[in-house]
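Letter by letter, the chains look like this.
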Protein chains: 2
Amino acid sequence: MSADNRRRIEVGELRVPATEVTLSDGSTFQLYNTEGPQGFDPRDGLPKRRQAWIDRRVARGDTNFSQMHCARNGEITEEMHYIAHRELCTPELVRDEVAAGRAIIPANIHHPEMEPMIIGRKFLVKVNANIGNSAISRSIDDEVEKLQWAVRWGADTVMDLSTAAPIHETREWILRNSPVPIGTVPLYQALEKVNGVVEDLNIEAYLETLEEQAQQGVSYFTVHAGVLLRAVPLTVNRVCGIVSRGGSIMAKWCLTHHKENFLYTHFDRICEVMKKYDVAFSLGDGLRPGAIADANDEAQMFELAVLGELTKRAWEHDIQVMVEGPGHVPLHKIPENVHKQMELCHEAPFYTLGPLTTDIAPGYDHITSAIGAAVIAQHGTAMLCYVTPKEHLGLPDKEDVKAGMMAYKIAAHAGDLAKGHPRAQERDDALSRARFEFRWEDQFNLGLDPETALEYHDQTLPQDGAKVAHFCSMCGPNFCAYRISQEVNEIAAAEQLVQLGNKPLSPEEVEAGMQKKAAEFRETGGKIYQPVSS
Amino acid sequence: MSADNRRRIEVGELRVPATEVTLSDGSTFQLYNTEGPQGFDPRDGLPKRRQAWIDRRVARGDTNFSQMHCARNGEITEEMHYIAHRELCTPELVRDEVAAGRAIIPANIHHPEMEPMIIGRKFLVKVNANIGNSAISRSIDDEVEKLQWAVRWGADTVMDLSTAAPIHETREWILRNSPVPIGTVPLYQALEKVNGVVEDLNIEAYLETLEEQAQQGVSYFTVHAGVLLRAVPLTVNRVCGIVSRGGSIMAKWCLTHHKENFLYTHFDRICEVMKKYDVAFSLGDGLRPGAIADANDEAQMFELAVLGELTKRAWEHDIQVMVEGPGHVPLHKIPENVHKQMELCHEAPFYTLGPLTTDIAPGYDHITSAIGAAVIAQHGTAMLCYVTPKEHLGLPDKEDVKAGMMAYKIAAHAGDLAKGHPRAQERDDALSRARFEFRWEDQFNLGLDPETALEYHDQTLPQDGAKVAHFCSMCGPNFCAYRISQEVNEIAAAEQLVQLGNKPLSPEEVEAGMQKKAAEFRETGGKIYQPVSS
């Protein structure tokens, strides 16, 4: 399998990226590409291809740089054109969905290395990968490597959740090397600014943190402004209480001071920072359920209503908003989550963590949650935050990041298929045709992970010849259902009951089939159709 | 983590198995157990604990040994009592569901080593694991080891799909060492009897094979009697044609002879064999879709209607029946599969392979299909046939069998939760409470795979102390949401807004909380509630 059969290309003046797969018949198939420009030294960072577009808007004197602000003024930005190419839709659809608040383009003007993408339920379902150091594990190189690894496997955005020094420097390295929008939870760094003492948190330290991170180029902030003082008591009889870090911090702040959440009371000051850089809100669900038993409870639904109120307040500033969601939810309660969110949050894009559909499989929560993620995507969730096998147990390493990404690219695509996204099924059909026609390399290259598929095939049939063998590695030569099925097609075709595949038969094929048929005709004693006994 | 904290027990006169988990407070929690009696030499096989029950029915002169026959005569067999203990339901429910054909108890009277279990949508969702050699890989020891491995991880039934010599001997070893019902596809061995020449297949060779396998103790046969001559042309314009081995073999037989499927025309002779041993039908879906593009098509629905007709014919003999289902189906088309099957097959239990919800992830089809399996279980499928990561690529090894089992135990449990099975959520809640209270070992022992959970936790926090640490291995000591959430509970509890968890507070807890509160009261300048600004 040569690397040339699957490579990143950049199309047109905007240099819109795609993965081009060259099939064995020489035709090509394009896949959505997130890995970014290759071959640049991390110390230099990626090329700043958005810079000219941003400079133009600075030069004309914009003060609100939000894509929503442009969209509402009827403008189709370069980012919107770029996205229309990636999503195979019209730039007008992109603009109109952003203007209506049904989609967001996280695109901080200080992140010129970023390749624009869109999050909204009329577009491809997106996947976020979380990385970031902690007091237990810290290394800048590790985090940049995890970033590159995550986008290689299809991460559409990456959240840097670092909580340990050097937070600022780690984030800088990540941003300068990221082709995808970066999100953060500024509360973590704000807490570091007050030496980790929750009670000492205050709006000034928080705003200072927002400015710092916005200037670096972070494209969306998780803000836990929905955790209200009066909502906290709703969580105390839960099986798992409050499982969101930010949510638990703000709940403790509210109770210890007995004051309303300062992120809520000072929300408009926060908005002023966001619009200067076009940072989008990811309104945090600090009270999301952390156990099956707590799903869709009063605390969760109360907070969701508050997030709907905050969505409207942000929109008054033309600031882009998405809303975060659960968590842990059994299958039968998932649709209600999406429908309530659309209703209470005025169709702002929904961004969910999983949800996990059961709590009984520590070590396999990428799977317990991929099930929920696929179903919640089917019902309209716009972006899925991945979960790795280490969830609840430890910090994900590279292999965990890949395992989480694979599970979530599957969930997102299953959602796209169920929603009937025009681009989705083409790929399934192309791969299935390759499978039926024993084009093994095409099958591998059209898949999410060609290396693993090839490796598994080699374990059973290592010979090179097997890559063109006309039988499956499961059944072996005598039993291959595909092979027999192809013979069935030939026979049936020869009888002109049907055509072979969708191609008309050549005269030779028909002749060959007819001769075969003639022989059978004699064997079966001249009777073509037997009466069907019952 | 000591092995004594999680062990197999056998309860009562019937020796009904369970996995007993001893929690850190000394209380115990019971889980469904499939691993069978331990410590027996494979050369001796497992103890024949059902033998006395069977002998009693032989002694009284039964000729039709089917559990359905007993149920319809109002009898509650030992197997039904045993199952009622495992499922925590009444034996009457077991009998009535079997009598109505809505559930089956695969229990060949020649498999006395087997621990009775039930397949029906009012009971726990079950999982089947496929094993078996092929021309490419053959070893009896491997297959017995895979069997023991599969049941250790929760396989409720196992299908032996061996297609290479020594088929008979391999199956004998598997049966004598299996605590779960064994299913087969007799067509494979029948084909061997005619030297692999599909055209030479005939009902005599097939019946001879059924007798041979039934005498060995196989509890259900996949019979592809629904692949009718006139249905075959419906498949030829498919993207993936016919992907069922048995289906493709019978389709080729039908077309080459231009005769109706002999399994269909001689169905009543097949029934005569089944009832002598209580072998259940697993009516094969030889025309199941093998690609997203082919889901719910005419060929699939035509065959399903034929399987419904055959279900009624089998029931006339009091023979137990389940019906096999797809395959490859996008999420939005899954409910229709279940509802059509219930309607056309008169509520006979549905037994589905996956379905895979997308074709684009070779190497990860245990995940693409676990998503579909969970959703189809939620809608009423009674048993799920697992898919391993090697699907479409190669033959599963031990690790693949485990990966497939884990994904499918998750899918089955997610389905049980969604259906509201009374036994399902207890386990999630017990594990989540352990998680919230930092009882790490309890969390691991209540999970599907304690070894892996422990291993992952150790990778981040290897110290023994970490197993009792009051913080998470993700966040570290400063940030643990659970820890802060517990503090929030204490504060709130001290304010008597609520109670801590579900336990009333001790006077000491209240006093401690009140003192803490008093200090805060002074700090916050005497104002308990601030007005909520908006």
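Higher on the page you've got the structure.
A. Here's a closer look at the relation of the copies chain A and chain B. Structural alignment of chain A on chain B gives an RMSD of 0.0 Å, achieved by rotating through 180 degrees and translating 0.0 Å along the axis. This pairing of chains is accounted for by a two-fold axis. Every residue of chain A has its C-alpha some distance from the rotation axis, and the shortest such distance is that of Ile-371 of chain A, at 2.3 Å. Most of the interface of chain A is mirrored in chain B, where 100% of its interface residues are also at the interface.

B. Geometry of the interface of chain A and chain B. Each side of the interface is counted separately: chain A has 124 residues, and chain B has 125 residues. Where chain A abuts chain B, roughly 10,700 Å² becomes buried across the two surfaces, and 67% of that area is made up of carbon and sulfur atoms. At the junction of chain A with chain B, the criterion picks out two salt bridges. In this structure, the salt-bridge partner of Glu-487 of chain B is Lys-252 of chain A, at a minimum N-O distance of 2.7 Å. Between the two partners, chain A and chain B, sit 18 residue pairs in polar contact (both at pLDDT 80 or more).

C. Structural detail: the packing of aromatic side chains. Residues and elements named next belong to chain A. Scanning the entire structure with this criterion turns up 14 aromatic pairs over all chains. Relative to Phe-262, the ring of Trp-253 has its centre 5.0 Å away and its plane inclined at 75 degrees; by these criteria the two rings are edge-to-face. No difference in accessibility class separates Trp-253 from Phe-262, as the two residues are buried. Aromatic rings pair up to connect Tyr-206, Trp-253 and Phe-262 into one cluster. The ring of Tyr-264 has Arg-313 lying over it, and the distance from NZ or CZ to the ring centre is 5.4 Å.

D. Examining the side chain of Lys-252 of chain A more closely. Along the chain, Lys-252 of chain A turns up in helix 9 (residues 245–257). For Lys-252 of chain A, a relative accessible area of 13% puts it in the buried group. With near-sequence residues (within four places) excluded, Lys-252 of chain A lies in contact with Val-198 and Glu-199 of chain A together with Ile-484, Glu-487 and Val-488 of chain B.

E. Quick look at the pattern of salt bridges. All names here are of chain A. This structure, assessed with the given rule, holds 86 salt bridges over all chains. Of the charged contacts, one joins Glu-211 and Lys-276 as a salt bridge, the two residues approaching to 2.5 Å between their closest N and O atoms. Highlighted residues: Glu-211 in helix 8 (residues 203–216) and Lys-276 in helix 11 (residues 267–277), separated in sequence by 65 residues. Using a relative accessible area of 37% as the deciding quantity, one classes Lys-276 as partly exposed.

F. Seen up close, the nonpolar core. Core analysis: the largest hydrophobic core is formed by 273 residues, its most contacted members being Ile-270 and Phe-281 of chain A together with Tyr-206, Ile-270 and Phe-281 of chain B. Excluding its chain neighbours within four sequence positions, the residues that come into contact with Tyr-206 of chain B are Pro-186, Leu-187, Ala-190, Thr-222, Val-223, Phe-262, Leu-263 and Ile-270 of chain B.

G. Broad picture of the packing of helix 12 (residues 298–315) of chain A against helix 13 (residues 334–344) of chain A. Residues and elements named next belong to chain A. Direction vectors running N to C along helix 12 and helix 13 enclose 30 degrees, while the axes themselves pass 9 Å from each other. Remark: the crossing between helix 12 and helix 13 carries right-handed chirality. Here Gln-300, Met-301, Leu-304, Ala-305 and Gly-308 of helix 12 lie close against helix 13, whose contacting residues are Glu-336, Asn-337, Lys-340, Gln-341 and Leu-344.

Here is what the cut-offs are and how they apply
- Residues numbered from 1 in each chain as written.
- Chains lettered and ligands numbered in written order.
- Predicted model: local features only at pLDDT ≥ 70, side-chain atom pairs only at ≥ 80, totals over all residues.
- Heavy atoms only, no water.
- Least-squares fit on C-alpha atoms with pLDDT ≥ 70 in both.
- Contact = heavy atoms within 4.5 Å.
- Buried area = accessible area lost by both parts, 1.4 Å probe.
- Salt bridge = Lys/Arg side-chain N within 4 Å of Asp/Glu carboxyl O.
- Polar contact = N/O pair within 3.5 Å; in protein donor to acceptor, adjacent residues only side chain to side chain.
- Phe/Tyr/Trp six-rings, centres within 6.5 Å; stacked < 30°, edge-to-face > 60°.
- Buried < 20%, exposed > 50% of the residue type's maximum accessible area, 1.4 Å probe, protein only.
- Lys NZ or Arg CZ within 6 Å of the ring centre and 35° of its normal.
- Helix = DSSP H or I, 4+ residues; strand = E, 2+ residues; numbered from the N terminus.
- Core = buried A, V, L, I, M, F, W, Y, C linked by side-chain atoms within 4.5 Å.
- Axes fitted to C-alpha atoms, helices over the stretch in contact; angles between N-to-C directions.
- Left-handed = near helix turned anticlockwise from the far one by under 90°.

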